[in-house]
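So the chains spell out like this:
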Amino acid sequence: VILGQSGYNLSVASSSEVSMDLSGSFLMSKSTLNTKTNANGFSLYMGMQDSTNSLYLNGDSSSTALPSVSNTYSYTSPGSITNNTWGYAIPQSGNTNLASGNGFNTGTYTDSSTSESDTKWASVPVKGSEQIIQNTNSANDSTGVDLNVFYGVKANSSQAIGAYKGTIVYTA
């Protein structure tokens, strides 16, 4: 996530730019994961590389943070995104083999036409508290199983300008 004077970019699989304003601007981007296995299925886990789920200015944990949405917003109980926060979403539509308890919207998210009010967001779990987000009991070594994960950020002009970084780890 890069916050700047004229806007910010959220770069996962694609990037866009929007203008910031005092009420907060919202942007989201999609990443498609593909998991292949010749074993008897898999469970895909998601979590941060560290013990925090904030993104930090220039990746320096002693600098300005862009916090995650409320830690009470989880895979099973996501909520609204607020100013100067970020989060993830895994919509039920367009995804298969989701782990039980998925609380995200049933509609289809798109990078360009989905508004923040149409979505629910969760905090990426910290290291040691990883969340199962997808699972299957069958092998799929030829094509794999896709999973669309969306990342959203909402920021206003009170957030310091710069590149905010953090690492999300997916483990099968």
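Per chain, residues are indexed from 1 in the order of the written sequence. Side-chain atom pairs in this predicted model are given and counted only at pLDDT of 80 or more, local residue features only at pLDDT of at least 70, and totals for whole chains, interfaces and linings cover all residues. Water and hydrogen atoms were dropped before computing side-chain values, which therefore reflect all heavy atoms in the structure.

Here we look at the overall build of the protein
Note the cut-off: Helix and strand assignments follow DSSP, with helices taken as H or I runs no shorter than four residues and strands as E runs no shorter than two, numbered in order from the N terminus. Remark: exposure states derive from per-residue accessible area (1.4 Å probe, protein chains only) relative to the maximum for the residue type, with buried under 20%, exposed over 50%, and partly exposed in between. Contacts: residue pairs with any heavy atoms within 4.5 Å of one another.
The number of helices and strands found in the protein is 0 helices and 11 strands. Helices and strands appear in the protein in the N-to-C order β-β-β-β-β-β-β-β-β-β-β. Here the protein holds 172 residues, and 45% of them are scored as buried. For the protein, restricting intrachain contacts to residue pairs at least 6 apart in sequence, the fraction spanning at least 24 positions comes to 73%.

So, the packing of aromatic side chains
Spelled out, the test is: A pair of Phe, Tyr and Trp rings is counted when the ring centres sit within 6.5 Å of each other, with Trp represented by its six-membered ring. The angle between the planes then sorts it: under 30 degrees is stacked, over 60 is edge-to-face, the rest tilted.
Tallied over the full model, the rule gives 3 aromatic pairs. Taken together, a centroid distance of 5.9 Å and an interplanar angle of 65° make the contact between Phe26 and Trp121 edge-to-face. Of this pair, Phe26 sits in strand 3 (residues 25-35) while Trp121 sits in the loop between strand 7 (85-89) and strand 8 (131-136), and the two are 95 residues apart along the sequence. Looking at Trp121, the relative accessible area reads 0%, which means it is buried. With centroids separated by 6.0 Å and ring planes inclined at 75°, the aromatic side chains of Tyr75 and Phe104 adopt a geometry described as edge-to-face. With Tyr75 in the loop between strand 6 (65-66) and strand 7 and Phe104 in the loop between strand 7 and strand 8, this residue pair connects regions lying 29 residues apart in the sequence.

A closer look at the sheet that holds strand 3
We apply this condition: If DSSP finds at least two bridges between two strands, the strands pair. Here an angle of 0 to 180 degrees is reported between the N-to-C directions of two axes, which are lines fitted to C-alpha atoms, with helices fitted over the stretch in contact.
Read from one edge to the other, the open sheet built from 3 strands follows the order 3-9-7, with strand pairing classed as antiparallel. Either end of the sheet is taken by a strand with one partner, and the two such strands are strand 3 and strand 7. The sheet shows a mean angle of 20° between the axes of neighbouring strands, taken without regard to direction. Direction of pairing for strand 7 relative to strand 9 (residues 145-155): antiparallel, over a ladder of 5 bridges. Within strand 9, the position partnered with Thr85 by the bridge is Lys154.

Considering the nonpolar core
Rules: Here the nonpolar core consists of buried residues drawn from Ala, Val, Leu, Ile, Met, Phe, Trp, Tyr and Cys, with membership extended through side-chain atoms lying within 4.5 Å.
Counting residues in each nonpolar core, the largest one holds 32 residues, and the members touching the most others are Trp86, Tyr88, Ile90, Phe104, Trp121 and Val149. For this core, the secondary structure elements donating two or more residues are strand 3, strand 4 (42-48), strand 5 (55-57), strand 7 and strand 9. The element contributing the most residues to this core is strand 9, with 6 residues. If sequence neighbours within four positions are ignored, Ile90 has contacts with Tyr75, Asn95, Leu98, Asn102, Phe104, Ile133, Leu147, Asn148 and Val149.

Details of the confidence of the model for the protein
How we decide: Per-residue confidence from the prediction method is given by pLDDT, with values spanning 0 to 100.
Residues at a pLDDT of 70 or more form 79% of the protein, whose mean pLDDT is 78. Low pLDDT, under 50, characterises residues 1-22; the predicted model gives this stretch 75 contacts beyond four residues in sequence or across chains.

Looking at the environment of Asn135
When you line up the elements, Asn135 lands in strand 8. Relative accessible area serves as the criterion here: at 30%, Asn135 is assigned to the partly exposed category. Taking the C-alpha atoms as reference points, Asn135 and Ala99, 36 residues apart in sequence, are found 5.7 Å from one another. Aside from chain neighbours lying at most four places away, what touches Asn135 is Phe42, Ser43, Asn97, Leu98 and Ala99.

Some words on the pairing of strand 3
A regular strand carries its side chains on alternate faces of the sheet. A large share of strand 3 lies buried, amounting to 8 of its 11 residues. When strand 3 meets strand 9, the two strands line up antiparallel, connected through 11 bridges. Bridge pairing in strand 9 links Met28 to Gly152.

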